Protein chains: 4
Amino acid sequence: MSVAQEMLRTTPSQPGYPAADLAACIEACLACAHACTACADACLGEEMVADLRRCITLDLGCADLCEATGRVLSRQTAYDSGLTRAALQACREACARCAEECEGHASMHEHCAMCAEACRRCQAACDRLLGDA
Amino acid sequence: MSVAQEMLRTTPSQPGYPAADLAACIEACLACAHACTACADACLGEEMVADLRRCITLDLGCADLCEATGRVLSRQTAYDSGLTRAALQACREACARCAEECEGHASMHEHCAMCAEACRRCQAACDRLLGDA
Amino acid sequence: MSVAQEMLRTTPSQPGYPAADLAACIEACLACAHACTACADACLGEEMVADLRRCITLDLGCADLCEATGRVLSRQTAYDSGLTRAALQACREACARCAEECEGHASMHEHCAMCAEACRRCQAACDRLLGDA
Amino acid sequence: MSVAQEMLRTTPSQPGYPAADLAACIEACLACAHACTACADACLGEEMVADLRRCITLDLGCADLCEATGRVLSRQTAYDSGLTRAALQACREACARCAEECEGHASMHEHCAMCAEACRRCQAACDRLLGDA
């Protein structure tokens, strides 16, 4: 059982989503935030960094929104469904935009290929909680 | 001139919004993130903390989304309008929900009154960038 | 292979620490940040929330420092060892303080027991990178 | 009166530092976090971005630590002096390293000059709370 699942199992509050889906989305957000932070750094280290500006900016923004969403989803006590949905929608959009950019040069940079995968997994996990998957 | 305005004046990139509106929104996001963090802490210190759970959770989530949005807006190099709009929409919604909650007990807790004001200012600044004000 | 390991494998930059130790510390930081965020939320949901104020405040602060440290460690391009060590030292101290608090009521709250474990793992991972383990 | 001062005035908790110094440090942390985020973005937009890698990485790390420290300082309920001091020490070190780097090319890039100033102000504010100023 993952840490996210264990924490949901032991909270006294009633989660607003099925625990397995919720834990999967929290983990996908955290993994994507990390992949985006690391991809931005790897892009910065590439010789052709000047051609990767858009990728770096999208990575950094996606990391911020995934991290914020992972935190919001980790709070189930007296939680507000409106705020949670707003975070999920922003996170999903950020992941979609960042994935599209990274996929465009995935063949040249393996870190972009891996970041794109993390973004698509997070996008799908948000879709599921939003009821669109 | 504020730090946000000075930074926009000296960046080599072309901001995606009028600089004055953009600087105002960045500052409103940062001020709201801080007010929400401090309000959550003040609520935690109140004798009636058990009645303020919803306020604390909304404060913490609003702080996270305002902070992420403030960061996203601070990046103007090769920025992506889709990601930026998604952040602004989430931030605006979080501010509206948190303001409504804080306004509900503003007469009892001055920190909630102040937090609600910061949320409403941030909501309005997001509205302006989104073209809805 | 974990996402953190894969990202280190594919970056063009030379990491400042052995990759296995570095990846383990990044993952420990992210897991601890999440456990602390979730533990603060679970404490807020407990009937005896008024007795858990110190735990909540330590959880929130530890989450912030672990998250910042996880991000700092994820950047290996032209990285600065002084800044990295400063982050690791703060993270280690935060984890030690939070673990001690959570251990004090681990028998009563399982989420505190799990959070304490995540803190001790992160503390040990920081120790290793700092050369004190 | 600033938002940080107002929030300290209205919290039911007893702050662990003189309110004026504490509010000044919170504001310096938030201003520095923003300046660093914006400076990293401006550096990314410069033609000579490949020569600014070290500045970008220091900016991003300093932003993360300043933001985390600003949050830690904003919590005064049942706060832990050990965790707070650890955050202040990390923040001070990050600001010193980032300022030194930015000062090195302040004559060429005005955003670096401004970022260095924000770092030095934050470093001094941390010094004061740590009792070293």
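Residues numbered from 1 in each chain as written. Chains lettered and ligands numbered in written order. Predicted model: local features only at pLDDT ≥ 70, side-chain atom pairs only at ≥ 80, totals over all residues. Heavy atoms only, no water.

S.K.: Summarise the overall build of chain A; cite the residues concerned and give the values.
M.R.: In terms of helices and strands, chain A carries five helices and zero strands. Shown N-terminal to C-terminal, the secondary structure of chain A runs as helices and strands in the order α-α-α-α-α. By the compact-globule yardstick of 14 Å for 133 residues, chain A fits well, its C-alpha radius of gyration being 15 Å. Buried positions account for 67% of the 133 residues belonging to chain A. (Helix = DSSP H or I, 4+ residues; strand = E, 2+ residues; numbered from the N terminus. Rg over C-alpha atoms; globule rule 2.2 N^0.38 Å. Buried < 20%, exposed > 50% of the residue type's maximum accessible area, 1.4 Å probe, protein only.)

S.K.: Hey, could you go over the interface of chain A and chain C for me, with residue numbers and the actual values?
M.R.: With 34 residues of chain A in contact, the opposing surface of chain C contributes 34 residues. Summed over both sides, the interface of chain A with chain C buries roughly 3,000 Å², with 62% coming from carbon and sulfur. One can count six salt bridges joining chain A with chain C. Residue A:R71 pairs with C:E67 through a salt bridge whose shortest N-O separation is 2.9 Å. Counting every contact that joins chain A to chain C gives twelve residue pairs in polar contact (both at pLDDT 80 or more). (Contact = heavy atoms within 4.5 Å. Buried area = accessible area lost by both parts, 1.4 Å probe. Salt bridge = Lys/Arg side-chain N within 4 Å of Asp/Glu carboxyl O. Polar contact = N/O pair within 3.5 Å; in protein donor to acceptor, adjacent residues only side chain to side chain.)

S.K.: Residues and numbers for the interface of chain D and chain A, please.
M.R.: If you look at the interface, chain D gives twelve residues, while chain A gives twelve residues. Buried surface at the junction of chain D and chain A, summed over both partners, amounts to about 790 Å²; 60% is from carbon and sulfur atoms. Looking only at chain D, the three residues that lose the most surface to chain A are D:L44, D:V49 and D:R53, adding up to 60% of its buried area. Counting across the interface, chain D meets chain A through four residue pairs in polar contact (both at pLDDT 80 or more).

S.K.: Residues and numbers for the relation of the copies chain D and chain A, please.
M.R.: Superposition of chain D onto chain A requires a rotation of 180 degrees combined with a translation of 0.0 Å along the rotation axis, giving an RMSD of 0.0 Å. The symmetry that links the two subunits is that of a two-fold axis. With an isologous cut-off of 70% or more, the 100% of interface residues of chain D that recur at the interface of chain A puts this contact in the isologous class. (Least-squares fit on C-alpha atoms with pLDDT ≥ 70 in both.)

S.K.: If you had to explain the side chain of C:T69 to someone new, which residues and values would you point to?
M.R.: All names here are of chain C. Residue position: T69 is located in helix α3 (residues 53-73). Side-chain polar atoms of T69 contact the backbone oxygen of A87, separated by 3.3 Å. Contact partners of T69, with chain neighbours within four places excluded, come to C29, A87, L88 and C91.

S.K.: Residue-level account of the environment of B:A42, with values.
M.R.: Tracing the backbone shows B:A42 in helix α2 (residues 19-45). Expressed as a C-alpha distance, the spacing of B:A42 and B:H109, which sit 67 residues apart in the sequence, is 9.1 Å. Those residues in contact with B:A42 that sit more than four places away from it in its chain are B:H111, D:T11 and D:P12.

S.K.: Summarise the packing of aromatic side chains; cite the residues concerned and give the values.
M.R.: Residues and elements named next belong to chain C. Taken as a whole and judged by the stated rule, the model has four aromatic pairs over all chains. Considering the side-chain rings of Y17 and Y79, the 6.4 Å spacing of their centres and the 55 degrees angle between planes classify their relative orientation as tilted. Here Y17 is found in the loop between α1 (3-10) and α2 (19-45), whereas its partner Y79 is found in the loop between α3 and α4 (81-104), with 62 residues between them in sequence. Since its relative accessible area comes to 14%, Y17 is described here as buried. (Phe/Tyr/Trp six-rings, centres within 6.5 Å; stacked < 30°, edge-to-face > 60°.)

S.K.: Any chance you could break down helix α1 (residues 3-10) of chain A for me, citing the residues and the numbers?
M.R.: What α1(A) keeps buried is the set A:A4, A:E6, A:M7, A:L8 and A:T10. Those residues of α1(A) that are buried are in contact with α2 (19-45) of chain A together with α2 and α5 (110-130) of chain C.

S.K.: So what about the environment of B:A90? Which residues, and what values?
M.R.: Tracing the backbone shows B:A90 in helix α4 (residues 81-104). Looking at B:A90, the relative accessible area reads 2%, which means it is buried. Once residues within four sequence positions are removed from consideration, B:A90 is found in contact with A:A86, A:A87, A:A90 and B:L65.

S.K.: Summarise the relation of the copies chain A and chain C; cite the residues concerned and give the values.
M.R.: Once chain A has been moved 0.0 Å along the axis and rotated by 180 degrees, it coincides with chain C to within an RMSD of 0.0 Å. When you check the interface residues of chain A against chain C, 100% turn up at the interface there too, and the contact is symmetric in its surfaces.

S.K.: How would you explain the confidence of the model for chain A if you had to name every residue and give the values?
M.R.: It should be kept in mind that the predicted coordinates are not to be read in detail where pLDDT is low. Residues at a pLDDT of 70 or more form 99% of chain A, whose mean pLDDT is 96. Reported confidence for the predicted complex is 0.97 by ipTM and 0.98 by pTM. (pLDDT = per-residue confidence, 0-100.)

S.K.: Run through the state of the cysteines, naming residues and quoting values.
M.R.: One pass over the full model with this rule turns up zero disulfides over all chains. With no disulfide of its own, C:C43 has C:C55 as its nearest cysteine by sulfur position, at a separation of 4.0 Å. In this structure D:C91 is a free cysteine whose sulfur lies 3.8 Å from that of D:C66, the closest cysteine sulfur available. (Disulfide = S-S within 2.5 Å.)

S.K.: Hey, could you go over unusual backbone geometry for me, with residue numbers and the actual values?
M.R.: All names here are of chain A. Positive phi is not limited to glycine here, since A78 has a value of about 55 degrees. Looking at the element boundaries, A78 is found in the loop between α3 (53-73) and α4 (81-104). Residue classification places A78 among the partly exposed residues on the basis of a relative accessible area of 32%.

S.K.: A description of the packing of α4(A) against helix α5 (residues 110-130) of chain A should follow, citing residues and the corresponding values.
M.R.: Residue and element names in this part refer to chain A. For the pair α4 and α5, interaxial distance at closest approach is 8 Å and the crossing angle is 150 degrees. For the element pair α4 / α5, the angle class is roughly antiparallel. Crossing geometry of α4 relative to α5 is assigned as left-handed. Residues R85, L88, Q89, C91, R92, C95, A96, C98, A99, E100, C102 and E103 of α4 lie in contact with α5, whose contacting residues are C112, C115, A116, C119, R120, C122, Q123, C126, D127, L129 and L130. Tallied by class, residues from the contact of α4 with α5 come to 15 nonpolar, two polar and six charged. (Axes fitted to C-alpha atoms, helices over the stretch in contact; angles between N-to-C directions. Parallel < 35°, antiparallel > 145°, perpendicular 65-115°, else oblique. Left-handed = near helix turned anticlockwise from the far one by under 90°. Nonpolar A, V, L, I, M, F, W, Y, C, P; charged D, E, K, R; others polar.)

S.K.: Account for α4(A), with residues named and values stated.
M.R.: Note that an α-helix has 3.6 residues per turn; residues three or four places apart therefore point the same way. Here α4(A) spans 35 Å end to end across 24 residues, near enough to the 34 Å set by a 1.5 Å rise per residue. For α4(A), the N-terminal cap is A:D80; the gap from its side-chain oxygen to the backbone nitrogen of A:G82 is 3.1 Å. (Expected span 1.5 Å × (residues − 1).)

S.K.: Account for the pattern of salt bridges, naming residues and giving values.
M.R.: Throughout the structure, instances matching the rule amount to 52 salt bridges over all chains. Notably, a salt bridge pairs C:R97 with D:D80, separated by 3.1 Å at the nearest N-O pair. Taken together, the residues span two chains, with C:R97 in helix α4 and D:D80 in the loop between α3 (53-73) and α4 (81-104). Judged by its relative accessible area of 26%, C:R97 falls in the partly exposed class. Sharing partners across several salt bridges, the network here consists of A:D64, A:E67, B:R71, B:R75, C:R71, C:R75, D:D64 and D:E67.

S.K.: Account for the side chain of C:H105, with residues named and values stated.
M.R.: Mapped onto the fold, C:H105 is located in the loop between α4 and α5. The contact partners of C:H105, leaving out residues within four places of it in the chain, are C:L52, C:C55 and C:C112.

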